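# Geometric and topological summary
One-letter residues, chain by chain:
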Amino acid sequence: MKIKTWLGTVSFALAIGGSAMAADDKIPVGHLADYSGPTSDVGKPYGQAEADAFAWVNKNGGIGGKQVALDTNDYGYQVPRAIALYKKWSASDGKVAAILGWGTADTEALTGFLAQDKIPDISASYAAALTDPAGTSGKAKPAPYNLFYGPSYSDALRAMLIWAADDWKAKGKTGKPKYVHMGGNHPYPNAPKAAGEALATELGFEVLPAIVFALSPGDYSAQCLSLKSAGANYAYLGNTAASNISVIKACKTAGVDVQFLGNVWGMDENAAKTAGEAANGVVFPLRTAVSWGGNAPGMKTVMEISKMSDPSGKVYRPVHYIAGVCTALYMKEALDWAAKNGGTTGENVIKAFHQKKDWVPAGMEGVCNPSTWTEKDHRGTLKVDLYRMKVTGSTDGDLNDLMAKGTIKLEKIKTVDLPRKPEWLGW
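All values reported here derive from a predicted model rather than from experimental measurement. (Residues numbered from 1 in each chain as written. Predicted model: local features only at pLDDT ≥ 70, side-chain atom pairs only at ≥ 80, totals over all residues. Heavy atoms only, no water.)

### Points about helix 12 (residues 319–340)
Formally: Helical segments are the DSSP runs of H or I of at least four residues, strand segments are the runs of E of at least two, and each set is numbered from the N terminus. Every helix has an expected span of 1.5 Å times one less than the residues it contains.
Here helix 12 contains 22 residues, and its C-alpha end-to-end distance of 32 Å stays within 8% of the 32 Å for a straight helix at 1.5 Å per residue. Where helix 12 terminates, the next one or two residues include Gly342, which has phi positive at roughly 105°.

### Overview of the packing of aromatic side chains
As a reminder of what qualifies: The criterion for an aromatic pair is that two Phe, Tyr or Trp rings (for Trp, the six-membered ring) have centres within 6.5 Å, with stacked assigned to planes under 30 degrees apart, edge-to-face to planes over 60 apart and tilted to the rest. Only protein chains enter the accessibility calculation, which uses a 1.4 Å probe; a residue is then buried when its area is under 20% of its type maximum, exposed when over 50%, and partly exposed in between.
Inspection of every chain in the model, using the stated rule, returns 20 aromatic pairs. Relative to Trp102, the ring of Tyr46 lies with its centre 5.4 Å away and its plane at 50°, an arrangement referred to as tilted. Here Tyr46 is found in helix 2 (residues 40–59), whereas its partner Trp102 is found in the loop between strand 3 (98–100) and helix 4 (104–117), with 56 residues between them in sequence. You'll find Tyr46 and Trp102 in the same group, each marked buried. With a centroid separation of 5.8 Å and an interplanar angle of 10°, the aromatic rings of Tyr126 and Trp265 are classed as stacked. With Tyr126 in the loop between strand 4 (121–122) and strand 5 (146–147) and Trp265 in the loop between strand 10 (259–262) and helix 10 (269–275), this residue pair connects regions lying 139 residues apart in the sequence. The exposure class assigned to Tyr126 is buried, which follows from its relative accessible area of 0%. Aromatic ring contacts, followed pair by pair, group Tyr46, Trp102, Tyr126, Phe148, Tyr153, Tyr188 and Trp265 into a single cluster.

### Points about the packing of helix 5 (residues 153–170) against helix 7 (residues 193–202)
Note the threshold: Every angle, taken between N-to-C directions, lies between 0 and 180 degrees, and every axis is a line fitted to C-alpha atoms, over only the stretch in contact when it is a helix. Orientation categories follow fixed angle ranges, with anything under 35 degrees roughly parallel, anything over 145 roughly antiparallel, 65 to 115 roughly perpendicular, and all other angles oblique. Each crossing gets its hand from how the near helix is turned against the far one by less than a right angle, where anticlockwise is left-handed and clockwise is right-handed. We call two residues in contact whenever any of their non-hydrogen atoms come within 4.5 Å of each other. For this classification, Asp, Glu, Lys and Arg are treated as charged, while Ala, Val, Leu, Ile, Met, Phe, Trp, Tyr, Cys and Pro are nonpolar and the rest, including Gly, are polar.
Packing of helix 5 against helix 7 brings their axes to within 9 Å, and their N-to-C directions diverge by 25°. Here helix 7 runs roughly parallel to helix 5, going by the angle between their axes. Classified by chirality, the crossing of helix 7 by helix 5 is right-handed. In contact with Ser154, Leu157, Arg158, Leu161 and Ile162 of helix 5, helix 7 contributes Ala195, Gly196, Leu199 and Ala200. Residue composition of the contact of helix 5 with helix 7, by class: six nonpolar, two polar and one charged.

### Here we look at helix 4
Defined as follows: To get the bend at a given residue, fit one axis to the seven residues ending there, fit another to the seven starting there, and take the angle between those axes.
Given a rise of 1.5 Å per residue, 14 residues ought to cover 20 Å, and the 19 Å separating the end C-alpha atoms of helix 4 matches this to within 8%. Its axis deflected by about 45° at Thr111, helix 4 carries its strongest bend there. Every buried residue of helix 4 is accounted for by Thr104, Ala105, Asp106, Thr107, Leu110, Thr111, Leu114 and Asp117. Where helix 4 ends, the next residue or the one after it, Lys118, has phi of about 60°, a positive value.

### Description of the sheet that holds strand 4
Our working rule: Strand pairing is assigned whenever DSSP identifies at least 2 bridges connecting the two strands.
The strand order across the open sheet formed by five strands is 2-1-3-4-5, and the pairing between neighbours is parallel. The open sheet has two edge strands, strand 2 (67–74) and strand 5, and neither has a second partner. Here helix 12 sits on the sheet and contacts strand 1 (26–33), strand 3 and strand 4; the angle it forms with strand 3, its principal contact strand, is near 170°.

### Comments concerning the side chain of Asn244
The criterion, for reference: Any N or O atom pair separated by 3.5 Å or less is treated as a polar contact, with the protein-specific requirement of one donor-capable and one acceptor-capable atom, and with residues adjacent in sequence counted only for side-chain atom pairs.
Note on placement: Asn244 falls in helix 9 (residues 241–253). Under the relative-accessibility criterion, Asn244 is labelled buried at 1%. Only 2.8 Å separates the side chain of Asn244 from the backbone oxygen of Asn239, close enough to count as a polar contact. When sequence neighbours within four positions are dropped, the list of residues in contact with Asn244 reads Phe213, Leu237, Asn239, Asn263 and Gly266.

### Concerning the pairing of strand 2
Our working rule: Looking down the strands as they point away from you, a crossover is right-handed if its path from the first strand over the helix to the second goes clockwise.
In terms of residue burial, strand 2 counts as a mostly covered element, since eight of its eight residues are buried. Alignment of strand 1 against strand 2, held across eight bridges, turns out to be parallel. Along strand 2, the bridge assignment pairs Pro28 with Ala69. For the crossover from strand 1 across helix 2 to strand 2, the handedness is right-handed.

So far we have only geometry, and geometry alone does not tell us how the molecule works.
Here it is as structure tokens:
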């Protein structure tokens, strides 16, 4: 059964621009979102951004004069629902030009079907297994129709480990620092586990046994005690912010002295507000060059897109919203190119993604980091911007005010330019 949230329904109505237009006059695009499942804390702002972006595209002329029919569906982070939706989107009588995807488990489950049906999926899963179009690495099955905007989970973790090794030395510590991977026993948190542990070993860390905690919030006092007794110095949080908050708060209460490294979904401004002082010091990657209200020419475009669902312009948008806008506008420009080069078929849309080098969508200068996808390598970027969350007081109150006062602050600490190693492709 198809589940549509009110948000998805509104986005869909905005996207099609009225029912008077014939189906042939629209470009169908599937949109998978988690507004109610275990990753909905970050799924809501990201999915809203994609819906807003295409509502804005339609308001400004669509694609070659055609409106985009964005079919937004809340699948609750359930793989069977995603597969059922895919069956609808891939049917010959309503085949979509592309899909804006979400989770790792469902994206990886659909990879083979996407290739067979020639439907591009630019997802919110940054699993490295999706970066090898031809399967030449031998580490992942071919994923020619999979893309994402930003560094892979593996590359982001590699960058954080490089920073951690330097941090250990900068603090004058001796001996081997201890590293541990934490997260749910699930394809998403596990995606970079092997890559991270391999590089940690290479960099001189002692790798501790992984600590498992669920994707949903809970009491993780036991995990914190394990962390403390093991003497971990650096811990990777592989889940989304909601459950990570439970861990960092429990660990603060337990007096655990550890440097947390959050994955790209593992920390944001909303999480810092909820976690309070427990979020202070968490290091994590940012996909965009600036956060909300940042000094960049493209922020004007982001603000205009945000007004599609917030006409007042007063809602603070977290980092995931801005990344969602970037993702949608890459898709928009790929559809533009396809429309001018044989039509908006999946084959032409994927070709479009291979046309540009150091690509930033028009109007997004200084916001979206330049990306390059080629037929042989879908690692869009190997530049990883690392930030530290700073919390310097009570986080009660409006998020806009907390950010404006600097009570919550995203502090850039390092940019790591990783080498494009062939052995890291797909892993």
